Amino acid sequence: MPNTIQIPTPLRPFTDKKEAVEVNGATVGELLADLTKRYDGLRRHLYADDGRLRNFVNIYLNDEDIRYLQREQTPVKPGDTLSIVPSVAGGAPTVAEELPTLTQEEIKRYSRHLIMPELGVDMQRRLKASSVLCIGAGGLGSPAAMYLAAAGIGRMGIVDFDVVDYSNLQRQIIHTTNDVGVPKLESARNKIAAMNPHVEVVGYETALSSENALELFRDYDVILDGTDNFPTRYLVNDACVLTGKPNAYGSIFRFEGQASVFGTKEGPCYRCLYPEPPPPGLVPSCAEGGVLGVLPGIIGVIQATEAIKVILGIGEPLIGRFLIYDALKMRFRELKLRKDPDCPVCGTHPTVTTLIDYEQFCGIRPEPAAAQTGAAVNDWEITPVELKRRLDAGDDLFILDVREPNEYQINRIPGSTLIPLGELPRRYQELPKGKEIIAQCKMGGRSAKAQDFLKSVGITNVKNLRGGILEWIDKVDPSQPKY
Amino acid sequence: MALRLGDGVREAIRAHGVETYPNECCGALIGRDGVVTATLALANMTEEGPRRRFLVRPQDYREAERRASELGAELLGFYHSHPDHPARPSQYDLDHAWPFFSYVIVSVKAGVPEGMTSWRLREDRSAFDAEDLTYAQHHTDSHPAAPLH
């Protein structure tokens, strides 16, 4: 005695519009086989290529799903009814479907990623679809950009308007001796192209500014802050918060480094930690104080790691965590950071809703326009060219170098006297009375502080050498080495 | 092929997509001879994340067939929404499609319904073909009535 199979609407065109078909067999599988023998067109809709029932095809024996019986081996008795009942499924394209595919060459290149259970092909495709904007191709930007490019980030933006200098080479490993004098962008682009031609490099040979930051950031998934000054650091922070882009942050000085991830929705921003910048000149830069060459390697690669984690949504990014690294002690410390509800940028009632003048915010005097001409611009400072002219004219000047002894060892203005800034309060009486004093350091920052200090103890006939010894070497004495 | 949506059908699908946004909605299309005269909103029972998936379970499918026959009509297909994605079928849609059904997709962008399309599985399961979607002549926001004197 034959059994009956109920046919659902979409399959009836194959069964001559019949709602039920009579078939023979001893098991569910045999009944279905008889059905597809009679109506061959059904086969590909019921069975996948591997011969198994498709997962959206439900077979009910009377009212029981055969998955809870013995599946296709379930025996049937005379009079039992089989029903084919559709599940209807679908959906929007998944992220994975929309991602770019990997070429054979890329599969080889990234194979050590592809075999990791946490990564794999889809994660690698996600990296390929992602973009990171490096602010600066210097100490931090160099290792970060190289590792991100090697890892397969699809698009790398780099903002830098500097030219490679010998003093960069001790740490900015994306640049080589041959690149001295070449724009950093060009140098970085060449290295990345040689390392991984699948990465698109977009260069911005410009200073990041309040005018261009928001527009630049919008095109990227993560911003990597490799800046070396406070105005740009606050600019990057605020622009990240305003555009909703995570900021893989790092900073370095001598033997110490810091890293965190700012600007995410859930986490704090740089201003939650430092609402106000330090007074100008208080925190020395790497150009003034130096930096261990390998230090940016550690910190820049931490930033790159965090960028990748944020892009892939894996692990525990440094969100709300502030990592402090001491290379001398070889120790990492971690501080908990909280989002400040009163933060002027990312708090609940933000007062900073557009980008501001960050030079002014950080209390930095804008450079006078006349400075470029080499002429003296005011009575408290002197240009190197003017100093040279006066020395040649036989003026009796006392040149006070306030740098450190190891800097003085590298270069000096002939006839200058070294009293480091830190020793000045107990040694200022060594200065000759009545002589005009020219205070000088590497770039003019510390000597300006020396000038302020001397004024506070009543010594007022002091001029600051504008641009320090670096400008002196550029304009007057190129025979001396720069650092 | 062509599918015609009767009075209020387009609006009902769009409203359902807005209601469940950012999740996907799903429902049955009931009618006869290529004209949808009624919709049956169904629960999205997917366990794979309703923002990107929908699933009509067998019980609900049976309910849809029952409703169709009560109305003296047929089950013509199913509709679902693509939140923040275009109204184009995905690979997943293709992998799970039934033949001869119309699959209507409405795109819902940021909570606002946008394009609507309809698709049919090719008999060899290799792809979907778009089918013309026509609407009953009545007042809708994108087909305003002709102005009167």
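Residues numbered from 1 in each chain as written. Chains lettered and ligands numbered in written order. Predicted model: local features only at pLDDT ≥ 70, side-chain atom pairs only at ≥ 80, totals over all residues. Heavy atoms only, no water.

Asker: When you look at the pairing of strand β11 (residues 247-253) of chain A in this model, what are you seeing that I'm missing?
Answerer: All names here are of chain A. Among the 7 residues that make up β11, 6 are buried, leaving the element largely enclosed by the rest of the structure. The pairing of strand β10 (residues 222-225) with β11 spans 3 bridges and is classified as parallel. Residue Asp-225 lies in a different strand from β11, and its bridge partner there is Tyr-249. Crossover β10 to β11 through helix α10 (residues 230-243) is right-handed. Where β11 lies against strand β12 (residues 256-262), 7 bridges are found, and the strand directions are antiparallel. (Buried < 20%, exposed > 50% of the residue type's maximum accessible area, 1.4 Å probe, protein only. Helix = DSSP H or I, 4+ residues; strand = E, 2+ residues; numbered from the N terminus. Pairing = 2+ DSSP bridges. Right-handed = clockwise from strand over helix to strand, strands pointing away.)

Asker: Explanation requested: the confidence of the model for chain B in the structure shown.
Answerer: Atomic detail in the predicted coordinates should be set aside for any region of low pLDDT. Residue-level pLDDT values for chain B average 89, and 91% of them are 70 or greater. Model confidence for the complex: the whole-complex pTM is 0.61, and ipTM, which rates the interface, is 0.87. (pLDDT = per-residue confidence, 0-100.)

Asker: Please clarify how the pattern of salt bridges should be interpreted in this entry.
Answerer: Where charged atoms of side chains with opposite charge meet at close range, the side chains can pair. Residues and elements named next belong to chain A. Under the counting rule described, the total for this entry stands at 34 salt bridges over all chains. Note that Lys-309 is salt-bridged to Glu-306, the shortest N-O span being 2.9 Å. Of this pair, Lys-309 and Glu-306 both sit in helix α13 (residues 295-312), 3 residues apart, which is roughly one turn of that helix. Two residues, Arg-390 and Glu-436, come together in a salt bridge whose shortest N-O distance is 2.7 Å. Of this pair, Arg-390 sits in helix α15 (residues 384-392) while Glu-436 sits in strand β18 (residues 436-440); the two residues are 46 residues apart in sequence, bridging distant segments of the chain. Where salt bridges share partners, they join Arg-390, Asp-395, Glu-436 and Lys-463 into one cluster. (Salt bridge = Lys/Arg side-chain N within 4 Å of Asp/Glu carboxyl O.)

Asker: Help me understand the side chain of Arg-171 of chain A in this model?
Answerer: Residue and element names in this part refer to chain A. On the secondary structure map, Arg-171 appears in the loop between β8 (155-159) and α8 (184-195). There is a polar contact of 3.0 Å between the side chain of Arg-171 and the backbone oxygen of Ser-167. With residues up to four places along the chain from it excluded, the contact list for Arg-171 reads Gly-139, Val-291, Gly-293 and Pro-296. (Polar contact = N/O pair within 3.5 Å; in protein donor to acceptor, adjacent residues only side chain to side chain. Contact = heavy atoms within 4.5 Å.)

Asker: I tried to follow the layout of surface pockets on my own but got confused; where do I start?
Answerer: The gaps left among the atoms become clear once a water-sized probe is rolled over them. Considered as a void within the structure, the second largest pocket measures approximately 860 Å³ in volume. Lining the second largest pocket are 29 residues, with Pro-8, Thr-9 and Arg-12 of chain A together with Glu-65 and Glu-74 of chain B sitting closest to its centre. By residue number, the principal contributor to the lining of the second largest pocket is helix α2 (residues 58-70) of chain B, which donates 6 residues. Of the residues that constitute the lining of the second largest pocket, the class distribution is 14 nonpolar, 5 polar and 10 charged. (1 Å grid on protein atoms, 1.4 Å probe; cavity = no way out; pocket = protein on both sides within 12 Å on 5 of 7 lines; lining within 4 Å. Points joined across faces, edges and corners; volume = space filled by probe spheres on them. Nonpolar A, V, L, I, M, F, W, Y, C, P; charged D, E, K, R; others polar.)

Asker: Sorry, what's going on with the interface of chain B and chain A here?
Answerer: Many structure descriptions define interface size as the accessible area lost when the parts assemble. If you look at the interface, chain B gives 32 residues, while chain A gives 31 residues. For the pair chain B and chain A, the two sides together bury roughly 2800 Å², of which 61% comes from carbon and sulfur. Where chain B meets chain A, there are 2 salt bridges. Asp-63 of chain A is the partner of Arg-62 of chain B in a salt bridge, and the nearest nitrogen-oxygen pair spans 3.9 Å. Here chain B and chain A share 14 residue pairs in polar contact (both at pLDDT 80 or more) between them. Taken together, the elements giving at least two residues each to the side of chain B that touches chain A come down to β4 (54-56), α2, β5 (74-83) and α3 (91-95) of chain B. Ranked by the residues each element gives to the side of chain B that touches chain A, the list is headed by α2 of chain B, at 5 residues. Pairing geometry for strand β6 (residues 88-90) of chain A and β4 of chain B, over 3 bridges, is antiparallel. When the sheet's bridge partners are listed, Ala-89 of chain A is paired in β4 of chain B with Leu-55 of chain B. (Buried area = accessible area lost by both parts, 1.4 Å probe.)

Asker: What am I meant to see in the sheet that holds β18 of chain A here?
Answerer: In any sheet, the strands associate via hydrogen bonds between backbone groups, in a parallel or an antiparallel arrangement. All names here are of chain A. Sheet architecture is open: 5 strands sit in the order β15-β19-β18-β16-β17, paired in parallel fashion. Among the strands making up the open sheet, the edge pair consists of β15 (381-382) and β17 (417-418). Strand direction decides the pairing type here: strand β16 (residues 397-401) and β17, joined by 2 bridges, are parallel. The partner of Asp-401 across the bridge, within β17, is Leu-418.

Asker: Please clarify how the sheet that holds strand β2 (residues 26-32) of chain B should be interpreted in this entry.
Answerer: All names here are of chain B. With mixed pairing, 7 strands are arranged side by side around a closed barrel as β1-β3-β2-β5-β6-β7-β8. On average, each strand axis in the sheet is tilted by 40 degrees relative to the strand beside it, whichever way the strands run. Where β5 lies against strand β6 (residues 102-109), 7 bridges are found, and the strand directions are parallel. Note that in β6 the partner of Gly-77 across the bridge is Ser-102. Along the sheet, helix α1 (residues 9-20) makes contact with β1 (2-5), β2, β3 (35-42), β5, β6, β7 (112-121) and β8 (128-135), crossing β3 at roughly 20 degrees. Where α2 meets the sheet, its contacts fall on β2, β3 and β5, and the angle it forms with β5 comes to roughly 130 degrees. (Axes fitted to C-alpha atoms, helices over the stretch in contact; angles between N-to-C directions.)

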